[in-house]
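The residues making up each chain are set out below.
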Amino acid sequence: MSSSNKKFTIAVEGNIGSGKSTVLQHLAKSSLCDIIAEPVENWTNLKGHNILAMLYDDPQRWGFAFQANAQMTLAKLHAQPTKAPVKVMERSIYSARYCFVENLYRTKILHSVEYEILDDWFQMLVSNGLCHLDLIIYLRATPETCLQRIQARHRSEEESIDLGYLQTLHECHEEWLIQRQRTNSSPPVIIVDANQTKERVYIDTNTHVNNLVSC
Ligand code: DGT
């Protein structure tokens, strides 16, 4: 570890099915990393309500509520203190805003008023520095690869996901992480080819994490 004992926060980003969870499971074995998993349990059991399933069943009805809750749960995870030199987050408040909220708005599922309210909250939540990231690792996979993996894992809430949805989400990730069209989150981005086997993706990601702490 560097002599300054500096701590780092990394977000692992990428489309649904790009392999984030597998990478995080492997990184969890490293003493360098504390893992902050995405709060999917909160989303599938919010005081007894499966808001993720409700979202997929009726996005128009539940899109705003889902994103309001996602934004809040993710902001809390950004603020959560950790002990290890590297805090690794699965996704971040930034992908919730720049990919999912953006996509729901562009596809006319969110009303412009709902979009503005979510954006206002987002700007407030990131303005205090508590959602700071030092690095983003982008697991970049084709929407076709993601769809195959989603179909193979059979998560019941995700049965309605089709290639079109993954393509529009992919474009949002690309605009944010490749074309760098967003200014609120501008840490360095490392791109990992996530079309490779999950084992290979993990090895590449682990190398980048080790490089970060040793430089
Ligand atoms: P992985 O390991 O790369 O396959 O990643 P997943 O699919 O386990 O995790 P993720 O974050 O891509 O998605 C988990 C589920 O939650 C998936 O059905 C998409 C949904 N999801 C995650 N974040 C948001 C969000 O902010 N808004 C919406 N609408 N859905 C979200």
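Whatever comes next refers back to the structure up there.
Note that this is a predicted model, so its numbers are computed, not measured.

Draft legend 1. Quick peek at the nonpolar core. Counting 56 residues, the largest nonpolar core has Ile16, Ile93, Tyr94 and Leu139 as its most contacted members. In terms of residue count, helix α5 (residues 93-106) provides more of this core than any other element does, six residues in total. One finds Ala68, Leu110, Tyr115 and Leu118 within the second-largest nonpolar core, a separate group that totals six residues.

Draft legend 2. Local environment of unusual backbone geometry. You will see that Lys47, though not glycine, has its phi angle at about 50°, which is positive. With respect to the helices and strands, Lys47 occurs in the loop between α2 (40-44) and α3 (51-57).

Draft legend 3. Quick look at the site of the ligand. The local shell around the ligand holds 21 residues, among which Glu38, Gln67, Arg91, Arg153 and Glu158 are the closest. Contact with the protein chains removes 98% of the 620 Å² of surface that the ligand exposes when unbound. Looking at the shell around the ligand element by element, the count peaks at three residues for α3. Per-class residue counts for the shell around the ligand are eight nonpolar, six polar and seven charged.

Draft legend 4. Just the pairing of strand β3 (residues 86-90), in detail. By the criterion of burial, β3 is predominantly enclosed, with five of the five residues buried. On β3, burial covers both faces: Val86, Val88 and Glu90 on one face and Lys87 and Met89 on the other are all buried. Pairing between strand β1 (residues 8-14) and β3: five bridges, direction parallel. Paired with Ile10 across the two strands is Val88, which belongs to β3. Pairing geometry for strand β2 (residues 33-36) and β3, over four bridges, is parallel. Its bridge partner being in β3, Ile35 is matched across the sheet by Val88.

Draft legend 5. Geometry of the packing of α5 against helix α8 (residues 163-177). At a minimum axis separation of 9 Å, α5 and α8 run at an interaxial angle of 130°. The orientation of α5 with respect to α8, classified from their angle, is oblique. Crossing of α5 over α8 shows right-handed handedness. Of α8, the residues touching α5 (which contributes Tyr94, Ser95, Tyr98, Cys99, Phe100, Glu102, Asn103 and Arg106) are Tyr165, Thr168, Leu169, Cys172, His173, Glu175 and Trp176. Of the residues that constitute the contact of α5 with α8, the class distribution is eight nonpolar, four polar and three charged.

Draft legend 6. Representation of the sheet that holds strand β5 (residues 189-193) within the structure. In spatial order, the strands read β2-β3-β1-β4-β5; together these five strands make up an open sheet with parallel pairing. Each edge of the sheet is formed by a strand with only one pairing partner; in this case those strands are β2 and β5. Between one strand and the next, the sheet's axes are offset by a mean angle of 25°, whatever the strand orientation. Here α8 sits on the sheet in contact with β1, β4 (135-140) and β5, set at roughly 145° to β4.

Analysis parameters
Residues numbered from 1 in each chain as written. Predicted model: local features only at pLDDT ≥ 70, side-chain atom pairs only at ≥ 80, totals over all residues. Heavy atoms only, no water. Core = buried A, V, L, I, M, F, W, Y, C linked by side-chain atoms within 4.5 Å. Buried < 20%, exposed > 50% of the residue type's maximum accessible area, 1.4 Å probe, protein only. Helix = DSSP H or I, 4+ residues; strand = E, 2+ residues; numbered from the N terminus. Near = heavy atom within 4 Å. Areas by Shrake-Rupley, 256 points an atom, 1.4 Å probe, with all protein chains shown as cover. Nonpolar A, V, L, I, M, F, W, Y, C, P; charged D, E, K, R; others polar. Pairing = 2+ DSSP bridges. Axes fitted to C-alpha atoms, helices over the stretch in contact; angles between N-to-C directions. Parallel < 35°, antiparallel > 145°, perpendicular 65-115°, else oblique. Left-handed = near helix turned anticlockwise from the far one by under 90°. Contact = heavy atoms within 4.5 Å.

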